[in-house]
Amino acid sequence: MRMNCSFAFFTTTAIALAVYLQTRSDSIAGGDAGELVAEGCKLGIAHPPGYPLYTVIVYIVTTFGKHFLQNYSPASLVNATSCLFGSIASGLVAATVHEIVTNLRREDGKDLPIVQLSSSITAGLMCSFSPLLWQYNTSAEVFALHNLFVASIVYALTKYNQTKHSPRVIVIGAYLCGLSLTNQHTAILLVVPVVAWVLFSSTIEKKKLITLSFVSFATGISCYCLLPFLDSMYPHAGSWGNVKTVSGFFHHFLRKDYGTMQLWSGGGGKATEDMITRTFSWVTDFTLHQLCHPTLLLFLVLGCTSVCSTKKRIKRNAMSRKMDHSGIATGRVIIASLTFYFIVFHSLSNLPLSNPLLYGVHQRFWMHPNILCFILIGVGFNAAAKVLPTTIAARIVPIFMVAIPLLTYGRNFEASDQSENQVFRGYASSILETLPPKSLLLINYDMTFTSVRYMQECEGFRDDVQTINLSMMTYPWFQEKQQLHQGINFPGSHYTRGNTVAWLNGGFTFAEFIDANPDYNIYIAGRLSHDDPAFVERYEEKPHGLVRHITRRSDTIEPTEVYRNSSLHLWKSVTKHLPPQKLPSETKYPESTWEWTVKKEFVDHLVSRSTYVLDIALRGPQTQALPSIAEAAAWLEVAISLDEKLDSSPSMKKNLGLAYMNIVRSDESHFPIVENIFGSISNQTRPNVKDWKAWATRQWQRSWGEFLDMSSAREEADYMSVKQIFETVMKSSQSRSNRK
């Protein structure tokens, strides 16, 4: 790198790294982070396509930390590694911009190094502080490394365009292209246009060029050979796939479990939006959220125009003509890569953007084109400065360039600062701590599996609990993994729906699996993969903290107070790790984030436990039912305070009214004390001791009155019964008032 280019690179990298390290979390993030770090800790096989390079990097980092940095958790160290990758990527964005703009001469021949330098650093820092890249450049995901590969390949492209005859640049570039595919397959959408350009434009003899490129590319992608080696040498329960065989390896490599060339196996594999709709969604997101002001999009347009313009340029010598052409060539290949990415990726992606969480999953893949756009924006900054007189440009433009990264940083800091984010550590701990020793936990939620797996595999927390991912158990290759789950009986090859071809060929239903393991305390997080009438007939799922305990159905009703007290103890453990006051706020963590799902899980299980307590209290003896009924009502009110949407839920209002009605009917002389484990049970949910019956009457009237006013309540099965009771009581009350 030349001096100014090196300065742009190191300045941008240093600033980005300092900010990233200060705002990273010490814990694991949502999404795939927990699983990826867990497989790296144990050298296992991650979900398709396997991510062998990332697995090895995580293993090296966590092993080093285990010996020399014991005060840092594995997640913290891997997050810091992502910070390093992301900051270097931003530095390479700045370096690439500098290489391009220094090769695009001013019309008057008076180039301004200070403008070129400030344009480069500004583009790099805008990239660093855009919310999407900031988020994933500070968390343990493959995307920070992917961003580094994207920036590295584009920078290598700039060097190639300056020296088309250099075998050294071609070898390095081809190796990077191959290695990038061992981390993230979408890198192919950059590799294809770059390789096509090199093959078209290189001055090296074609046979030599193809040989050099192929050998270097193959050397890079050969990292995939680690997968069968790791699967053979380090087999352990919870790893994906059976990659020891050739067919199993390609099955995993081609992501056939999800559907090759698709992001999602749900929805029948069909896309819900077309390519144009998805591209417009990207434009909206980039303009309104990734840029600190929408007008900055004009510089993207200007950058594209400056490298595509055929306007005659002033050439001072042969070297000037060569360098000018190299800048134009790099810019045009970037534009071609952007176009190729949007057409191919948005044509193949099938995640429904109408679902906020899946929109967030899809959004991660926009970092790749965003990096290319920030490079072009940097070119646009320099192009805009060219129209100004040199004295004005030299004085004003650098000040303007400093302001843009500062505005971007200020706008996105609060949302991007994850230094206090311990959500998934608390979530996984609150699940595992409530389980009895040597339990079996069946999981069918990604966020639950990845966070629990990280805590067990990397931090050794409650590793006596066996966990099985239900979605893994549905694949035929799971038969090869069964022996790794010691003591668990599998009544067939893999979990499937009953009375199907797969079942007749050796699969088993969920009920058959539960039947085969009667001695285990079995718990489930998430829903079953298939409907199972036999399971519903023979078993019930009893709320147990943030999971459910699978037990055989019985005609005997469990004593209300026994369940209430035992489940209250469980929830004390839950709130120790996940205090309601520290649950993710929707302001910082909207529905498109995994953190939002943790709060939703918390509230859903809170409601589930409350309604279960209310149900068994009303079905059992009424002599000791009041403590359970009162606590159920208080907890339902807490749930509404945590999730305002529940205030418009007909079932919530119906159950609250039912609880308050039975409080009024109670023969108890004293109102029980409801233990305040949430710190949010207000006077509204805890009555004055003297007039608690009158208070309960008012609460009943409010709850059922609001229920009957809801148009959606008419779909409830008990609507007419509730209406009849409510109207009868209100008429009776009115009659008594009139007599008085």
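Worth saying up front: this structure is predicted, and the values here are computed from it rather than measured.

> Please clarify how the overall build of the protein chain should be interpreted in this entry.
Each helix and strand counted, the protein chain has 30 helices and five strands in total. Dimensions of the protein chain, computed from the C-alpha atoms along their principal axes, are close to 105 × 65 × 50 Å. A buried classification covers 57% of the 740 residues belonging to the protein chain. For the protein chain, the proportion of contacts with a sequence separation of at least 24, taken over those separated by at least 6, is 76%. Total accessible area computed for the protein chain in this model is approximately 31,800 Å², and 60% of it derives from carbon and sulfur atoms. Measuring between centres, the 66 positive side-chain charges of the protein chain sit 10 Å from its 58 negative side-chain charges.

> Whenever I open this one, the packing of helix α5 (residues 113–129) against helix α18 (residues 390–416) confuses me. Can you help?
The geometry of a pair of packed helices is captured by two quantities: the angle between their axes and the separation between those axes. The geometry of α5 relative to α18 is characterised by a closest axis approach of 9 Å and an angle of 5° between their N-to-C directions. On the basis of the axis angle, α5 is roughly parallel to α18. Here Ile114, Val115, Ser118, Ser119, Thr122, Leu125, Met126 and Phe129 of α5 come into contact with α18, specifically with Ala393, Ala394, Val397, Pro398, Met401, Val402, Ile404, Pro405, Thr408, Tyr409 and Asn412.

> Is there a simple way to explain the sheet that holds strand β2 (residues 466–469) in this structure?
The strands making up a sheet associate through hydrogen bonds between their backbones, and the pairing can be parallel or antiparallel. The sheet built from five strands is open, its strands ordered β2-β1-β3-β5-β4 with mixed pairing. Strand pairing shows two members of the sheet lacking a second neighbour, β2 and β4 (539–544), which therefore form its edges. For this sheet, the mean inter-axis angle between neighbouring strands, taken without regard to orientation, is 30°. The pairing of strand β3 (residues 522–525) with strand β5 (residues 547–552) spans two bridges and is antiparallel. Its bridge partner lying in β5, isoleucine 524 is registered against arginine 548. Where helix α26 (residues 594–619) meets the sheet, it contacts β4 and β5, and its direction lies at approximately 115° from that of β4.

> Just checking my understanding: could you explain the confidence of the model for the protein chain for this structure?
Atomic detail in the predicted coordinates should be set aside for any region of low pLDDT. With 93% of its residues at a pLDDT of 70 or more, the protein chain shows a mean pLDDT of 91. Note on residues 313–322: pLDDT is under 50 here. Beyond four places in sequence and across chains, it has 14 contacts.

> Hey, could you run me through the nonpolar core in this one?
One recurring pattern in soluble globular proteins is that nonpolar side chains are buried together. One finds Leu442 and Phe513 to be the most contacted residues of the largest nonpolar core, which totals 198 residues. Setting aside its immediate chain neighbours within four residues, leucine 442 contacts Ile468, Leu470, Phe510, Phe513, Ile514, Ile522, Tyr523, Ile524 and Ala525. One finds Tyr20, Leu117, Leu125 and Phe129 within the second-largest nonpolar core, a separate group that totals 11 residues.

> Sorry, what's going on with the pairing of β5 here?
Consecutive side chains along a regular strand alternate between the two faces of the sheet. In terms of burial, β5 is a largely internal element, five of the six residues being buried. Hairpin remark: β4 followed by β5, antiparallel, with two residues in the connecting loop; positive phi at glycine 545, about 65°.

> Before we go on, may I ask you to explain unusual backbone geometry in this structure?
For residues that are not glycine, phi is negative in most cases, and the peptide bond is trans in most cases. Here proline 48 and proline 49 are connected by a cis peptide whose omega angle stands at 10°. Considering the arrangement of structural elements, one finds proline 49 in the loop between α2 (33–42) and α3 (52–68). Positive phi, normally seen in glycine, also occurs at leucine 43, with a value near 55°. By secondary structure assignment, the location of leucine 43 is in the loop between α2 and α3. For leucine 43, a relative accessible area of 7% corresponds to the buried category. In this model, asparagine 499 sits at a positive phi of 60°, which is unusual for a non-glycine residue.

> Help me understand the pattern of salt bridges in this model?
Here the idea is simple: oppositely charged side chains can pair when their charged atoms come close. The final tally for this structure, using the stated rule, is 28 salt bridges. The partner of arginine 364 in a salt bridge is aspartate 32, and the shortest N-O contact between them spans 3.9 Å. One end of the pair, arginine 364, is in the loop between α16 (356–363) and α17 (367–386); the other, aspartate 32, is in the loop between α1 (3–23) and α2, and 332 residues separate them in sequence. Residues joined in a network through salt bridges with shared partners are Glu561, Arg564, Arg609 and Glu631.

> For this particular structure, what's the right way to read a nonpolar patch on the surface?
Side chains of Phe64, Phe68, Leu69 and Tyr72 sit close together on the surface and give an oily, nonpolar patch of about 430 Å² of accessible area. Assignment of secondary structure puts phenylalanine 68 in helix α3.

> What is the right way to look at the packing of aromatic side chains in this model?
Aromatic rings considered in pairs are described by the distance between their centres and by the relative angle of their planes. Under the counting rule described, the total for this entry stands at 46 aromatic pairs. Both rings, one in phenylalanine 490 and one in phenylalanine 508, keep their centres 6.4 Å apart while their planes meet at 50°; by these two values the pair is tilted. Of this pair, phenylalanine 490 sits in the loop between α21 (470–473) and α22 (501–504) while phenylalanine 508 sits in the loop between α22 and α23 (510–515), placing them 18 residues apart in sequence. Judged by relative accessible area, phenylalanine 508 falls into the buried class, the value being 0%. Both rings, one in phenylalanine 490 and one in phenylalanine 513, keep their centres 5.6 Å apart while their planes meet at 35°; by these two values the pair is tilted. You can see phenylalanine 490 sitting in the loop between α21 and α22 and its partner phenylalanine 513 sitting in helix α23, a full 23 residues away along the chain. What links up through ring pairs into an aromatic cluster is the set Tyr136, Phe143, Trp282, Phe286, Tyr341, Phe342, Phe345, Phe365 and Phe374. For the cation-ring pair, arginine 609 lies above tryptophan 635, with the distance from its terminal atom to the ring centre recorded as 3.9 Å.

Parameters at a glance
- By convention here, each chain's residues receive numbers from 1 onward along its written sequence.
- Two thresholds apply to this predicted model, a pLDDT of at least 70 for residue-level local features and 80 or more for giving and counting side-chain atom pairs, whereas whole-chain, interface and lining totals are computed over all residues.
- With hydrogens and water excluded, all non-hydrogen atoms of the structure serve as input to the side-chain values.
- Numbering of helices and strands runs from the N terminus, with a helix taken as a DSSP run of H or I at least four residues long and a strand as a DSSP run of E at least two residues long.
- Relative accessibility thresholds used throughout: buried, under 20% of the residue-type maximum; exposed, over 50%; partly exposed, between the two (1.4 Å probe, protein chains only).
- It only takes one pair of heavy atoms within 4.5 Å for two residues to be counted as in contact.
- The Shrake-Rupley method, run with a 1.4 Å probe, gives the accessible areas here. Residue values count only the displayed protein chains as cover.
- Residues scored as positive are Lys and Arg, those scored as negative are Asp and Glu, and His as well as the terminal groups of each chain are ignored.
- The atoms used to mark charge sites are NZ of Lys, CZ of Arg, CG of Asp and CD of Glu.
- Only the contacting stretch of a helix is used when fitting its axis, a line to C-alpha atoms as for every element, and angles between N-to-C directions run 0 to 180 degrees.
- Here is the rule for angles: anything less than 35 degrees is roughly parallel, anything more than 145 is roughly antiparallel, 65 through 115 is roughly perpendicular, and the remaining ranges are oblique.
- Strands were regarded as paired on the criterion that DSSP finds at least two bridges between them.
- pLDDT expresses, on a scale from 0 to 100, how confident the predictor is about each individual residue.
- Put simply, buried Ala, Val, Leu, Ile, Met, Phe, Trp, Tyr and Cys residues joined by side-chain atoms within 4.5 Å make one nonpolar core.
- By definition here, a salt bridge exists when the distance from a side-chain nitrogen of Lys or Arg to a carboxyl oxygen of Asp or Glu is within 4 Å.
- Like charges are joined within 9 Å and nonpolar side chains (Val, Leu, Ile, Met, Phe, Trp, Tyr) within 5 Å, but only among residues with over 30% relative accessible area and no salt bridge; these make up the patches.
- Pairing of aromatic rings covers Phe, Tyr and Trp, the last through its six-membered ring, and needs centres within 6.5 Å; plane angles under 30 degrees mean stacked, over 60 mean edge-to-face, and all others mean tilted.
- Note on criteria: charge over ring means Lys NZ or Arg CZ within 6 Å of the ring centre, with the direction from the centre no more than 35 degrees off the ring normal.

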